[in-house]
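Per-entry structural report
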Amino acid sequence: MRLRLNVLPLLLVLSLVSTAPLHAADGPASDVIAELMAVKLVRGVTNIATCVVELPKQTYLTVKEEGATGFIIGPLKGIGMTIYRALMGASETVLFLVPQPGYYDPMIDPDYVWKGWDVQHTAGAK
């Protein structure tokens, strides 16, 4: 009987100590996932709020790339990109808990409207 009383506290301590590393490993991963979800939510709300900036952005980029015809094509591209960015922002806002696409990656490239104002190539510019 005395041996049983000594073994029970020892088993209890060993069970608590052996599961401690498992609980420690769950903490940081949960924090990272929560941070990625928050970033996706903020990115979605930001894209909804700033989607109208696509109109001058696309006009500017198209004029730089195509020349004078960009004043006609650019606003049309801007309207399309405004709608596209708003829809992608809304879907990221609604689905911020879902780790898709990839692992909470942006659904649109560039991920914010203020990125990508530089012209990559000037094929049609004179």
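Up top you'll find the structure we're talking about.
Throughout this document, residue positions are counted from 1 along each chain, in the order its sequence is written. With the structure being a predicted model, the display of local features is reserved for residues of pLDDT at least 70 and the display and counting of side-chain atom pairs for 80 or more, all residues being used for whole-chain, interface and lining totals. Hydrogens are left out, water is left out, and the side-chain values use all remaining heavy atoms of the structure.

**A word on the pattern of salt bridges**
Where we set the bar: When a carboxyl oxygen of Asp or Glu is within 4 Å of a side-chain nitrogen of Lys or Arg, the pair counts as a salt bridge. Secondary structure is summarised from DSSP: a helix means a run of H or I of at least four residues, a strand means a run of E of at least two, and numbering begins at the N terminus for each. Exposure classes here rest on a 1.4 Å probe applied to the protein chains alone. A residue is buried below 20% of its type maximum, exposed above 50%, and partly exposed in between.
All chains considered together, the criterion is met by three salt bridges. Two residues, Glu92 and Arg43, come together in a salt bridge whose shortest N-O distance is 3.1 Å. Separated by 49 residues along the polypeptide, Glu92 in helix α3 (residues 70-94) and Arg43 in helix α1 (residues 2-50) bring together distant segments of the chain. The pair formed by Glu92 and Arg43 is uniform in burial state, with each residue classed as buried. When the shortest N-O distance is used, the salt bridge between Arg85 and Glu54 registers 2.7 Å. Here the residue Arg85 occupies a position in helix α3, and Glu54 occupies one in helix α2 (residues 54-66), the gap between them amounting to 31 residues. Residues Arg85 and Glu54 agree in their burial class; the two are buried.

**Focus: a nonpolar patch on the surface**
The line we're drawing: Every patch collects residues that have over 30% relative accessible area and no salt bridge, joining them within 9 Å if they carry like charges and within 5 Å if they are nonpolar side chains (Val, Leu, Ile, Met, Phe, Trp, Tyr). With residues, only the protein chains shown are counted as cover, and all accessible areas are computed by Shrake-Rupley using a 1.4 Å probe.
There is a patch of nonpolar side chains on the surface, built from Leu55, Phe71, Ile72, Ile73, Leu76, Ile79, Ile83 and Leu87 and spanning about 820 Å² of accessible area. By residue number, the principal contributor to the nonpolar patch is α3, which donates seven residues.

**What to know about the side chain of Thr46**
The test is simple: Residues count as neighbours in contact if any of their non-hydrogen atoms are within 4.5 Å of one another.
Relative to the helices and strands, Thr46 is located in helix α1. Among all residues touching Thr46, those that are not within four sequence positions of it are Tyr112 and Trp114.

**Things to note about α3**
Here is the rule: Expected span of a helix: the number of residues minus one, times 1.5 Å.
Given a rise of 1.5 Å per residue, 25 residues ought to cover 36 Å, and the 35 Å separating the end C-alpha atoms of α3 matches this to within 8%. When α3 is considered as a whole, its buried residues turn out to be Gly70, Gly74, Gly78, Thr82, Arg85, Met88, Gly89, Ser91 and Glu92.

**Brief notes about unusual backbone geometry**
Following Gln100, the chain continues into Pro101 via a peptide bond in cis, with omega recorded as -5 degrees. Tracing the backbone shows Pro101 in the segment after α3. With phi around 65 degrees, Tyr104 is a residue other than glycine that occupies positive phi space. Mapping Tyr104 onto the fold places it in the segment after α3. On the accessibility criterion, Tyr104 (7% relative accessible area) is buried.

**Section: the packing of α2 against α3**
Stated precisely, the cut-off is as follows: The convention used is that axes are lines fitted to C-alpha atoms, helices contributing only their stretch in contact, and that angles between N-to-C directions extend from 0 to 180 degrees. Roughly parallel here means an angle under 35 degrees, roughly antiparallel means over 145, roughly perpendicular means 65 to 115, and every remaining angle is called oblique. Handedness of a crossing is defined here by the sense of rotation of the near helix relative to the far one, left-handed for an anticlockwise turn of less than a right angle and right-handed for a clockwise turn. Only Asp, Glu, Lys and Arg are considered charged in this grouping, and only Ala, Val, Leu, Ile, Met, Phe, Trp, Tyr, Cys and Pro are considered nonpolar; every other residue, Gly among them, is considered polar.
In the contact formed by α2 and α3, the axes pass within 7 Å of each other and the chain directions differ by 140 degrees. With respect to α3, the axis of α2 lies oblique. Note that α2 runs across α3; the crossing there is right-handed. For the pair formed by α2 and α3, the contact residues are Glu54, Leu55, Gln58, Thr59, Thr62, Val63 and Glu66 on the first element and Gly70, Phe71, Ile73, Gly74, Pro75, Lys77, Gly78, Ile79, Met81, Thr82 and Arg85 on the second. Residue classes in the contact of α2 with α3 are distributed as seven nonpolar, seven polar and four charged.

Function cannot be read off these values alone, since they describe shape.
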